Amino acid sequence: MLSLWRIIKFSFEDIARNFSLSAMTVLILVLMLLSVNTLVAVRLLTDEAIANIKDQIDVSVYFHPEATAEELAAAKNYVESFPEVRDLIFLSREQTLEKFRAAYEDNEKVMSSLGELGDNPLGATLIIKTREPSDYEKIITALSVPEYEGIIESKTFGDTQTTIDKVHTITGQVERFTLFLTSLFAVIAFVIVFNTVRVAIYTQRIEISIKKLVGASNWFVRGPYLMESLIFSILSVGITLVAIYFSTRLLDPFVAAMFAKPHLLTDYLLSHILELAGLQLAAVLLLTAATSTLAMRRYLRV
Amino acid sequence: MVEGDGNLFSMIRLQGVSKQYAENSVGLSNIHLAIEAGEFVSVVGQSGTGKTTLVKLLIAEEQPTSGRIEVGGWDISRLPRRDVPVLRRQIGVIFQDFKLLPKKTVAENIAFALEVAGETRARIRRVIPQVLDIVGIGEKHERYPHQLSGGEQQRVAIARALVHRPKILVADEPTGNLDAINTHEIIEILKKINSFGTTVLLVTHNREIVNHLAKRVITLLNGAVVADEVKGKYRLS
Ligand SMILES: Nc1ncnc2c1ncn2[C@@H]1O[C@H](COP(=O)(O)OP(=O)(O)O)[C@@H](O)[C@H]1O
Ligand SMILES: [Mg+2]
């Protein structure tokens, strides 16, 4: 206990003595952590975006114009009987036409050819929403039986899959870039921590030789450098979390414009604070402690 | 016992010890020595004959290329690193260049040696005046090294070497930087420490000291022992 206290004292003395190097070490660790947290935020936003898109997916079943009311009702009841179905909208032939008109209002070509046909060429439509995106396949398969094949003109999935793929492509690129940035910062952090310990050992070479001469336990010679790693790690994680908190507060209004959640980032940060702090502290500590051990092995022969 | 040169457990025993630094750099070659508890031994020899090498081997700063070194019956020839601190607390060492921390006071310099050995604050407070008293510098405990004469600085170094009550005190040319009066005072302190029962190994160049001491003298030449006399004189020119 006494020894631990003295080692903490020694390491603070050393940090003060090499203050600019120590500050630089903390700065680069903070930069590294900021880019890690950017990665976390990108992941979070990606998940949110995809959840949103999935929510908009529906299957539209277009019936033949000739399908009778009984046939339509039977098909509707059949689909309704599936527990996976969350929502079901039935559009009559007239409603379908209206919707079609609304969608192609500005497209003269389509409108004029629709006019030429005179009669309503469209059949009724069934719009199905399921609880899970994976359930769509099941519904589609269930409708692909001879009984219903006859009255169904076509089934569409929408092109949400393409949208999801697009989101993944974009966020994938952002993630790769951030990952690259993180590794870059990690490498720089390694070099800087290594150098900080090297300089500390150099400036303290007389103390170290005296420590050894008078029979200091190895823990007293090496302990302060490991303690410095711990101090740097705690400081950098602390500073990062504070910076992240203010950034999320700043970014939340912009995120809220995209998703209907006013404090998406801040809420996530606050609800995962222990996890985020713990994991990052462990990772940074591992990096700095391993680096200073390496530097000590190289420059500090006990 | 077969050994003819001393008791079963000599305080220091070297058997066929050699230290080769590099291809053509011999530190010591095939040294046999036994120093008993309570002895005061001077080691003399020209520059580069292996005196400091002997000191480094004794405090396990270097390992012998061959041979066996024992301190108090403990074989330290291949001492693992974690055991080095244990040895260093049993052998106090002083050097020509005092090795004091310039930004610490006399008392802090001595406290430092105790702190890094994990001693309690109460014990540190008790030991500092004791060792300062032995070297007679107690009233200057709040001075910084640069406020002391060379002789006083060496006394502080001796006080620091005594904090763990070592069985052996090794002094590698402790008076090399001092004038005649200070040299005399340091030697008197070493004799005093020896009189308490501590084994003293004094490496020196100084003819007057050796002749005045009239104690055992070991003479080294090119890494070998060329003379070992119970009441020796400084024989080299
Ligand atoms: N670290 C070292 N590396 C190589 N040679 C050394 C080293 N230390 C001492 N020597 C050599 O060993 C010999 C004895 O040196 P040393 O023990 O310092 O002598 P002394 O203390 O008697 O002046 C010298 O020739 C010296 O050059
Ligand atoms: Mg020497």
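Note that this is a predicted model, so its numbers are computed, not measured.

Thresholds applied
- Residues numbered from 1 in each chain as written.
- Chains lettered and ligands numbered in written order.
- Predicted model: local features only at pLDDT ≥ 70, side-chain atom pairs only at ≥ 80, totals over all residues.
- Heavy atoms only, no water.
- Contact = heavy atoms within 4.5 Å.
- Buried area = accessible area lost by both parts, 1.4 Å probe.
- Salt bridge = Lys/Arg side-chain N within 4 Å of Asp/Glu carboxyl O.
- Polar contact = N/O pair within 3.5 Å; in protein donor to acceptor, adjacent residues only side chain to side chain.
- Pairing = 2+ DSSP bridges.
- Helix = DSSP H or I, 4+ residues; strand = E, 2+ residues; numbered from the N terminus.
- Axes fitted to C-alpha atoms, helices over the stretch in contact; angles between N-to-C directions.
- Buried < 20%, exposed > 50% of the residue type's maximum accessible area, 1.4 Å probe, protein only.
- 1 Å grid on protein atoms, 1.4 Å probe; cavity = no way out; pocket = protein on both sides within 12 Å on 5 of 7 lines; lining within 4 Å.
- Points joined across faces, edges and corners; volume = space filled by probe spheres on them.
- UniProt positions renumbered as here; feature names shortened; annotations may be inferred.
- Near = heavy atom within 4 Å.
- Areas by Shrake-Rupley, 256 points an atom, 1.4 Å probe, with all protein chains shown as cover.
- Nonpolar A, V, L, I, M, F, W, Y, C, P; charged D, E, K, R; others polar.

Let's shift gears to the interface of chain A and chain B. When the parts of a complex come together, some accessible area is lost, and that lost area is often taken as the interface size. Taken together, the contacts link 20 residues of chain A with 24 residues of chain B. Of the roughly 1900 Å² buried at the junction of chain A and chain B (both faces included), carbon and sulfur atoms supply 60%. Where chain A packs against chain B, one counts 1 salt bridge. Linking lysine 9 of chain A and glutamate 115 of chain B is a salt bridge whose minimum nitrogen-to-oxygen distance equals 3.9 Å. Between the two partners, chain A and chain B, sit 6 residue pairs in polar contact (both at pLDDT 80 or more).

With that out of the way, let us pick up the sheet that holds strand E5 (residues 74-75) of chain B. All names here are of chain B. Pairing in this open sheet of 4 strands is antiparallel, and the strands run E2-E1-E4-E5 from one edge to the other. Here the strands that pair on one side only, and so sit at the sheet edges, are strand E2 (25-35) and E5. When strand E4 (residues 66-71) meets E5, the two strands line up antiparallel, connected through 2 bridges. Residue pairing across strands places glutamate 70 opposite aspartate 75, the latter belonging to E5. The strands touched by helix H1 (residues 51-58) are strand E1 (12-22), E2 and E4; relative to E1, the strand with the most contacts, the crossing angle is about 115 degrees.

Two faces belong to every sheet, and in a regular strand the side chains alternate between them. All names here are of chain A. Among the 5 residues of strand E1 (residues 59-63), 4 are classified as buried, and the element is accordingly described as predominantly covered. When E1 meets strand E3 (residues 125-130), the two strands line up antiparallel, connected through 4 bridges. Residue valine 61 lies in a different strand from E3, and its bridge partner there is leucine 126. Looking at chain direction, E1 and strand E4 (residues 152-156) are connected through 4 bridges and run antiparallel. Each residue of the ladder has a partner; that of phenylalanine 63, found in E4, is isoleucine 152.

Our next topic: empty space enclosed by the protein. Empty space among the atoms can be located by rolling a probe the size of a water molecule over them. All names here are of chain A. Per the counting criterion, the structure on display carries 2 cavities of 30 Å³ or more. Its boundaries defined by the atoms lining it, the largest cavity holds a volume of some 110 Å³. The calculated volume of the second largest cavity comes to roughly 30 Å³. In terms of lining, the second largest cavity is formed by Val193, Thr196, Val197, Tyr225, Glu228, Ser229, Phe232 and Ser292. Contributions of two or more residues to the lining of the second largest cavity are made by helix H8 (160-203) and helix H10 (218-258).

Before going further, it helps to spend a moment on the UniProt feature "transmembrane region" (unreviewed entry) in chain A. All names here are of chain A. UniProt records the feature "transmembrane region" (unreviewed entry) for residues 21-45, 177-201, 230-248 and 268-296 in the present numbering. Across residues 177-201 one finds 100% helix and 0% strand; the C-alpha atoms that close the span lie 36 Å apart. Counted over residues 230-248, helix gives 100% and strand 0%. Its end C-alpha atoms are 27 Å apart.

The next thing to look at is the site of ligand 1. All names here are of chain B. Taken together, the neighbourhood of ligand 1 is formed by Tyr21, Ser25, Val26, Gly27, Gln46, Ser47, Gly48, Thr49, Gly50, Lys51, Thr52 and Thr53. Glycine 48 has a polar backbone atom sitting 2.7 Å from an oxygen atom of ligand 1. Between glycine 50 and ligand 1, the recorded distance is 3.1 Å, taken from a backbone N or O atom to an oxygen atom. For ligand 1, whose accessible area on its own is 560 Å², the fraction buried by protein is 63%. Breaking the shell around ligand 1 down by element, the ones donating at least two residues are E2 and H1. Partitioning the shell around ligand 1 into residue classes produces 2 nonpolar, 9 polar and 1 charged.

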